[in-house]
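# Secondary and tertiary structure notes
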Amino acid sequence: MRRMLFLVLAACAFVPAAARAADFEPDPRAVQRYGPAYRYPQAGWIVLHIEGEPYERGVQHGRLLASEIAAHVRCFAATQNPKSPAEGWKQTRTLANALFLRRYDKEYLEEMKGIADGASAAGAKFEGRAIDLVDVVALNAWPEIDTLDSALEATPTELEGKKFTIAEAPKPATVDKPMRCSAFAATGPATKDGKIVFGHITMFGLYPSSFYNVWLDVKPTKGHRVLMQTYPAGIQSGLDYYMNDAGILVSETTIKQTRFDVKGMALASRIRKALQYGDSIDRVVELLKEDNNGLYTNEWLIADVKTNEIAMFELGTHKTKLYRSSKNEWYGGTEGFYWGCNNTKDLDVRLETIPSVDDRPASMVFRPSDRDKTWLRLYDKYKGKIDADFGKLAFTTPPLAAFHSVDAKFTTTDMAKELKTWALFGPPLGRTWQPTFEDKQRFPEIQPLVGNPWAVLHANPPPVVKSNGPTVVDLNLTLGGGRAGFGGGSGAFGGGGDSEPPEPPVTWHGTVLPKTDADTWLATAFANYERVVAQEKGVTRRPGPRAGGAAGAMASGTDKDSLLVSLFAYRSDYELGIRAGKETPLSQTTADVRSDAWHRIASGKGVLLLNELRSEMGSETFDKMMEGFGRDNAGKAVTTAQFKASAEKAAGKKLDDFFDAWLNKTGLPATKTEIGTPKSVFSVLSFLNEEEDTLIVYGTADEENINREAAEALQKALRERHSNYTIPIRTDVSVTDEELKTHHIVLVGRPDSNRVVAKWREALPIQFGPQSFVVQKDAYANAESGVIAAAENPANKRYSVVVAAGLNAASTLRTVPRLGGVRRSAEVVIFRKEGMPRYLVMPDKQVLPKVE
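So, here's what we can say about the structure. In this text the structure is predicted, and so the values were computed from the model without any measurement. (Residues numbered from 1 in each chain as written. Predicted model: local features only at pLDDT ≥ 70, side-chain atom pairs only at ≥ 80, totals over all residues. Heavy atoms only, no water.)

## Regarding the packing of helix α18 (residues 597–617) against helix α19 (residues 619–633)
Worth spelling out the cut-off: Inter-axis angles, ranging from 0 to 180 degrees, are taken between N-to-C directions of lines fitted to C-alpha atoms, where helices are fitted over the stretch in contact. Helical segments are the DSSP runs of H or I of at least four residues, strand segments are the runs of E of at least two, and each set is numbered from the N terminus. Any angle between 65 and 115 degrees counts as roughly perpendicular, while under 35 counts as roughly parallel, over 145 as roughly antiparallel, and the rest as oblique. The contact criterion used throughout is that any non-hydrogen atoms of two residues lie within 4.5 Å. Three classes are used, and their members are as follows: Ala, Val, Leu, Ile, Met, Phe, Trp, Tyr, Cys and Pro are nonpolar, Asp, Glu, Lys and Arg are charged, and the others, Gly among them, are polar.
Between α18 and α19, the shortest axis-to-axis distance is 6 Å and the interhelical angle comes to 125°. Classified by the angle between their axes, α18 and α19 sit oblique to one another. Residue-level contacts link Leu-610, Leu-613, Arg-614 and Met-617 of α18 to Ser-619, Thr-621, Phe-622, Asp-623, Met-625 and Met-626 of α19. Each residue belonging to the contact of α18 with α19 can be placed in one class, and the counts come to 6 nonpolar, 2 polar and 2 charged.

## Here's the deal with the pairing of strand β11 (residues 248–254)
Each regular strand carries side chains that alternate between the two faces of the sheet. Formally: A 1.4 Å probe rolled over the protein chains alone gives each residue an accessible area, and that area as a share of the maximum for its type sets the label: buried under 20%, exposed over 50%, partly exposed in between. Should DSSP find at least two bridges between two strands, the strands are taken to pair.
Counting buried residues along β11, 7 of its 7 residues qualify, which places the element largely inside the surrounding structure. Of the two faces of β11, the one lined by Ile-248, Val-250, Glu-252 and Thr-254 and the one lined by Leu-249, Ser-251 and Thr-253 are each fully buried. As judged from the 3 bridges shared by strand β10 (residues 241–244) and β11, these two strands associate in the antiparallel manner. Bridged to Met-243 within β11 is Leu-249. Turn length for the β10-β11 hairpin, with the two strands adjacent in sequence and antiparallel, is 3 residues, and the turn residue Gly-247 shows positive phi of about 85°.

## Looking at the packing of aromatic side chains
Selection criterion: In this analysis, rings of Phe, Tyr and Trp, with Trp reduced to its six-membered ring, are considered paired at centre separations within 6.5 Å, and the interplanar angle assigns stacked below 30 degrees, edge-to-face beyond 60, and tilted for intermediate values. Remark: a charge is flagged as sitting over a ring if the NZ atom of Lys or the CZ atom of Arg is within 6 Å of the ring centre and within 35 degrees of the ring normal.
Taken as a whole and assessed by the stated rule, the structure comprises 40 aromatic pairs. Between Trp-508 and Tyr-529, the aromatic rings sit 6.2 Å apart at their centres with planes inclined by 45°, giving tilted as the arrangement. Remark: Tyr-529 occurs in helix α16 (residues 520–540) and Trp-508 occurs in the loop between β19 (471–472) and β20 (513–514); sequence separation between them is 21 residues. Neither residue differs from the other here; Trp-508 and Tyr-529 are each classed as buried. Through successive ring pairs, a cluster of aromatic residues spans Trp-508, Trp-521, Phe-526, Tyr-529, Phe-622, Phe-629, Phe-643, Phe-658, Phe-659 and Trp-662. The ring of Tyr-323 has Lys-321 lying over it, and the distance from NZ or CZ to the ring centre is 5.2 Å. The ring of Tyr-799 has Arg-798 lying over it, and the distance from NZ or CZ to the ring centre is 4.5 Å.

The following block contains the structure:
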């Protein structure tokens, strides 16, 4: 226990004082805009700004979060009925339509209509139909639907206390509504400066938790600007952490459910109205009480940074209790401090949780929970010293930071006046919450929840940057035909799924054998190059969109990339061979059972030789010659001289100079297709040939916990790939210069999180931005995108360096282990949010053979 407390306090020491927090400025490539609205990623959050009239701001919201809204509907539908989500959602829609849709202020109905229309216009669908208003209302009614059963149990039927002649049948056990939060508000004698410190943490289920990472900034035409933690399509918080530009802070913790008033207004409407039109504690309380339906019963913590007053408001259905610091009203003698953790403090409100005192006995006595006791211990220890650091201390202290905690937020008077808050999305203690096998069976789209670093969220607009730079290719406001929000390929710790393309049709036949070691190049390249040519023919014969289905259509960019990757694998193999051993000309190849460097040189250079020979002879002549040579010599040992004679006969000319340059000299001859001097010849898989000379190095400058998890997952994936060799792991601060110089290095993390990546970034075939990366002429800025890239080790060109990273913590955890499942020797592998991996080489930096 003492060790745990030490670790928590040590963690807190790394949180900078709130007053010194620099404003985050997003990478311009990562900002998506729709009119005056925008969104960008920040430390696992989606920061979303909308403004204007109700319908206009709703459309902005729907357009910018269309993918996430569609996925959120699928999530809610699956949790309602895992076996038949469509049926579950149909019933939920009926319930939302009957009980809630007509219980919203008109302004918020218009906003939700705009959300639905905007999402639909961007392609958001559920079960083949466009998202509509009822879908959005149902998402906003989720907390109330979730508590409806408990509310009905507490609502009188007028039969309570009566006796009947026939014994009552046993009732099924009732399940209490979920209790999900802890919160605090401190001021005056409890705080270091006499001002407010205010915070909230949530417990929730894994699948829906992933959607509560939206930091929504609403700037309405009428009323106050409101900022809140929410979810895709939310007009309210749902996890209930708010601030507005009138200096009001609001959070809540759920308490035992009171009865349901069907005539009351929906909570989502009332709480949003309270923040948008409330400028004092009195006004917020008044708007929350007005036409209360009683569902999702809460203990609200409210603060006014204009006066540094705090309040605790327990809101039952018809009973309420308000405590105010201005009246020196404290519960449990905690002067200057209110706390909440799902435990109703007021007796009258507790009495509303049962239908009648004349019915079956129920205990109405307040009993402090383990979280109550923890809050009081923290208060007793830090009274008069509470400041911004207290927020992180509290929210990294079990059981306040419970196993199922999914976030943490806190702010101060000074920060709130600038509309700023500290916030962390993901498990506050940093460990990743992994779905169980049963979770995956019930919810196929469920994802792990990673712990992100602390961040300061604010309301400052991102700068508008006009640039003619690379085109961002992984951000799109219009959804494709697939299931938005979830990409293909392997999961967080998956190694498989990134396989070779299917075997293409045969181009020439015959297996030839080497007469001597010097003919090794011919026997290996004869087989290997056939697959490359067959792949090319399969591409060029594929019907193209402008060719009317005719043969010979041009290869697409992706097809050309695939062909280049196939050829690059042999170039990379050759280069690894000459760096691992001494190169000899192909005509002097000598087999060595204690090394495979000679074989890499012969087989790799042999493919490049045949590719250049095909360019020299013409593809049709070459392919016909190869078919004849293979048919005539199938199963026979052949010599290089025989092959040379066959090629000269088919070409109708002598090829002495060509074969002399390729066979009798070291290095690669100049080719007709030379593009430039190669900067790197290593692939992302080169290190696998020398795992005993490889280190994994993860970054500690930021996202340290996730980088470590990703490194360990990669280590496991590589061990299980085949060799059972465990590659050692180092941190970016513990790895020595000598180790960097004498190993292949696999780096985990972006330049902002890994110091070695930052030092070596100029050597990479890609360019990292603050929240993006650029490959050739394309930029990738979706927070879910990831990349793996290889280069020469700047400390020693004998070895390679591979960088594996995502654009946020979650994508890093997904991307890095996938290196263990890569099957193609590319220089760069890109993992987008949706679709299969993209394998690339950098033709502007390589001497690469021609692809016709």
